[in-house]
Amino acid sequence: MTQRTAFVTGGTGGIGSAIIRYLASQGHRVATNYRDEAKAEAWRQAMARDGIEAFMVQGDVSDPVACEAMVRALEEKCGPVDILVNNAGITRDTTFHKMTYQQWTDVINTNLNACFNVTRPVIEGMRARKWGRIVQISSINGQKGQYGQANYAAAKAGMHGFTISLAQENAKFGITVNTVSPGYVGTDMVMAVPEEVREKIVAQIPVGRLGKPEEIAHAVAFFTGDQAAWITGANLAINGGHYMGW
Ligand code: CAA
């Protein structure tokens, strides 16, 4: 397999870590951004114990200026970004009638505007080199909506609109753009949902359990491989059967 440089935003989180591990196990150079220095150092050590050396660059994906600098720093160390996974995301759950403008914009900026901020500095290089793989990590709740997540569902649905437009614009340049929409995976984000609410959600999952981060990483690796060259603009739901809409 050709070794490539993969940039996974939010790589220190639950799904992001699994994606980094999977792509590293395929022989790719892996990189992520981080915000919190102490958390990043603990993560770096855990990866190193497993023989994974991830390049780490500090910066917030909601900040376009920081993203440009992050990508340039990364490219200096690891070479041009061939694989980009827009994975960083946050929740600020609350019913809409109680939602503040801050809760709205925090989620839109980090989950959706970040797609612009991070993809814009890498796309021209991918087009020039005639090869690229871009994957948006969206959510089941961008497909079906969710009580308490008007901000998050709007951002996650927007990510797939971004995917299908970029897919059309860049298909002739050897670049595929796809979306993976995970359901409820056993990460810190999902475990922060109040237990009684979470139990009711799990009861709606036909497979009968939360997803595992590795099950999402597997799909990302599928999309980023050379053999997936004819798959572009797809939205792959991975949710244990929780939502089966078209
Ligand atoms: N459908 C209908 N009614 C619901 C409901 C639902 N899905 N969820 C809650 N309610 C009802 C409650 O039964 C309650 O009704 P009563 O007042 O009649 O008793 C009422 O809504 C509570 O409403 P409040 O406005 O008081 O809400 P709250 O402030 O207590 O909290 C909430 C609401 C924050 C949305 C909370 O229910 C919650 O955390 N829900 C989970 C949201 C969720 O799924 N987040 C996903 C996070 S993980 C993630 O996002 C990853 C991913 O991609 C999947």
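Residues numbered from 1 in each chain as written. Predicted model: local features only at pLDDT ≥ 70, side-chain atom pairs only at ≥ 80, totals over all residues. Heavy atoms only, no water.

1. A short note on the overall build of the protein
Looking only at helices and strands, the protein features nine helices and seven strands. At 17 Å, the protein has a C-alpha radius of gyration in line with the 18 Å of a compact globule built from 246 residues. Viewed in the frame of its principal axes, the protein has a C-alpha envelope of about 45 × 40 × 35 Å. Taking all 246 residues of the protein together, the buried fraction comes to 48%. Considering only contacts within the protein whose residues lie at least 6 apart along the sequence, 74% involve residues at least 24 apart. Positive and negative side-chain charges of the protein, numbering 23 and 22 respectively, have mean locations separated by a distance of 5 Å. (Helix = DSSP H or I, 4+ residues; strand = E, 2+ residues; numbered from the N terminus. Rg over C-alpha atoms; globule rule 2.2 N^0.38 Å. Buried < 20%, exposed > 50% of the residue type's maximum accessible area, 1.4 Å probe, protein only. Contact = heavy atoms within 4.5 Å. Lys, Arg positive; Asp, Glu negative; His and termini not counted. Charge placed at Lys NZ, Arg CZ, Asp CG, Glu CD.)

2. Thoughts on the nonpolar core
The biggest cluster of nonpolar side chains holds 28 residues, and the ones touching the most others in it are I19, L23, V85 and V180. When residues of this core are traced back to their parent elements, those giving at least two are strand 1 (5-8), helix 1 (14-25), strand 2 (29-34), helix 2 (37-49), strand 3 (54-58), strand 4 (83-86), strand 5 (132-137) and helix 9 (213-224). At six residues, the largest contribution of residues to this core is made by helix 9. With residues up to four places along the chain from it excluded, the contact list for I19 reads V8, V85, N87, I137, A217 and V220. Among the nonpolar cores identified, the runner-up in size contains 26 residues, and A88, A114, V118 and M126 belong to it. (Core = buried A, V, L, I, M, F, W, Y, C linked by side-chain atoms within 4.5 Å.)

3. Regarding the packing of helix 1 against helix 2
Helix packing for two helices is described by the angle between their axes and how far apart those axes are. Between helix 1 and helix 2, the shortest axis-to-axis distance is 12 Å and the interhelical angle comes to 35 degrees. Like other packed secondary-structure pairs, helix 1 and helix 2 cross with a definite hand, here right-handed. Residues S17, I20 and R21 of helix 1 form the contact with helix 2, whose participating residues are W43, A46 and M47. (Axes fitted to C-alpha atoms, helices over the stretch in contact; angles between N-to-C directions. Left-handed = near helix turned anticlockwise from the far one by under 90°.)

4. As for helix 1
Between its first and last C-alpha atoms helix 1 spans 17 Å; for 12 residues at 1.5 Å apiece the expected length is 16 Å, and the two agree. Phi for G27, located one or two positions after helix 1, is positive at around 95 degrees. (Expected span 1.5 Å × (residues − 1).)

5. Overview of the sheet that holds strand 3
Sheet architecture is open: seven strands sit in the order 3-2-1-4-5-6-7, paired in parallel fashion. Sheet topology places strand 3 and strand 7 (235-238) at the edges, where each strand pairs with a single neighbour. For this sheet, the mean angle separating the axes of adjacent strands, direction not counted, is 20 degrees. Inspection of the sheet shows strand 4 paired to strand 5 by four bridges, in the parallel sense. Looking across to strand 5, one finds that L84 is bridged to I134. Along the sheet, helix 4 (residues 101-129) makes contact with strand 1, strand 4, strand 5 and strand 6 (175-182), crossing strand 4 at roughly 170 degrees. (Pairing = 2+ DSSP bridges.)

6. A look at the site of the ligand
Around the ligand, a shell composed of 19 residues is seen, among which D93, S139, Y147, Y152 and Y184 lie nearest. Within the contact set of the ligand, a nitrogen atom lies 2.7 Å away from a side-chain nitrogen or oxygen of D93. A distance of 2.9 Å separates an oxygen atom of the ligand from a polar atom in the side chain of Q149. In the complex, 58% of the free accessible area of the ligand, which totals 1,100 Å², lies under the protein chains. Here the residues of the shell around the ligand are counted per class, giving nine nonpolar, eight polar and two charged. (Near = heavy atom within 4 Å. Polar contact = N/O pair within 3.5 Å; in protein donor to acceptor, adjacent residues only side chain to side chain. Areas by Shrake-Rupley, 256 points an atom, 1.4 Å probe, with all protein chains shown as cover. Nonpolar A, V, L, I, M, F, W, Y, C, P; charged D, E, K, R; others polar.)

7. A short note on the environment of R209
Tracing the backbone through its elements, the reader meets R209 in the loop between helix 8 (195-202) and helix 9. When its relative accessible area of 34% is taken as the criterion, R209 is described as partly exposed. Taking the C-alpha atoms as reference points, R209 and E199, separated by 10 residues in sequence, lie 9.9 Å from one another. What R209 contacts, discounting residues up to four positions off in sequence, is V202 and E215. Here E215 takes part through its side chain, which lies 2.8 Å from a polar atom of the side chain of R209.

8. Some thoughts on a nonpolar patch on the surface
Side chains of F96, Y101 and W104 sit close together on the surface and give an oily, nonpolar patch of about 390 Å² of accessible area. As for its position among the elements, F96 is in the loop between strand 4 and helix 4. When its relative accessible area of 57% is taken as the criterion, F96 is described as exposed. (Patch = residues over 30% accessible without salt bridge, like charges linked within 9 Å, V, L, I, M, F, W, Y side chains within 5 Å. Salt bridge = Lys/Arg side-chain N within 4 Å of Asp/Glu carboxyl O.)

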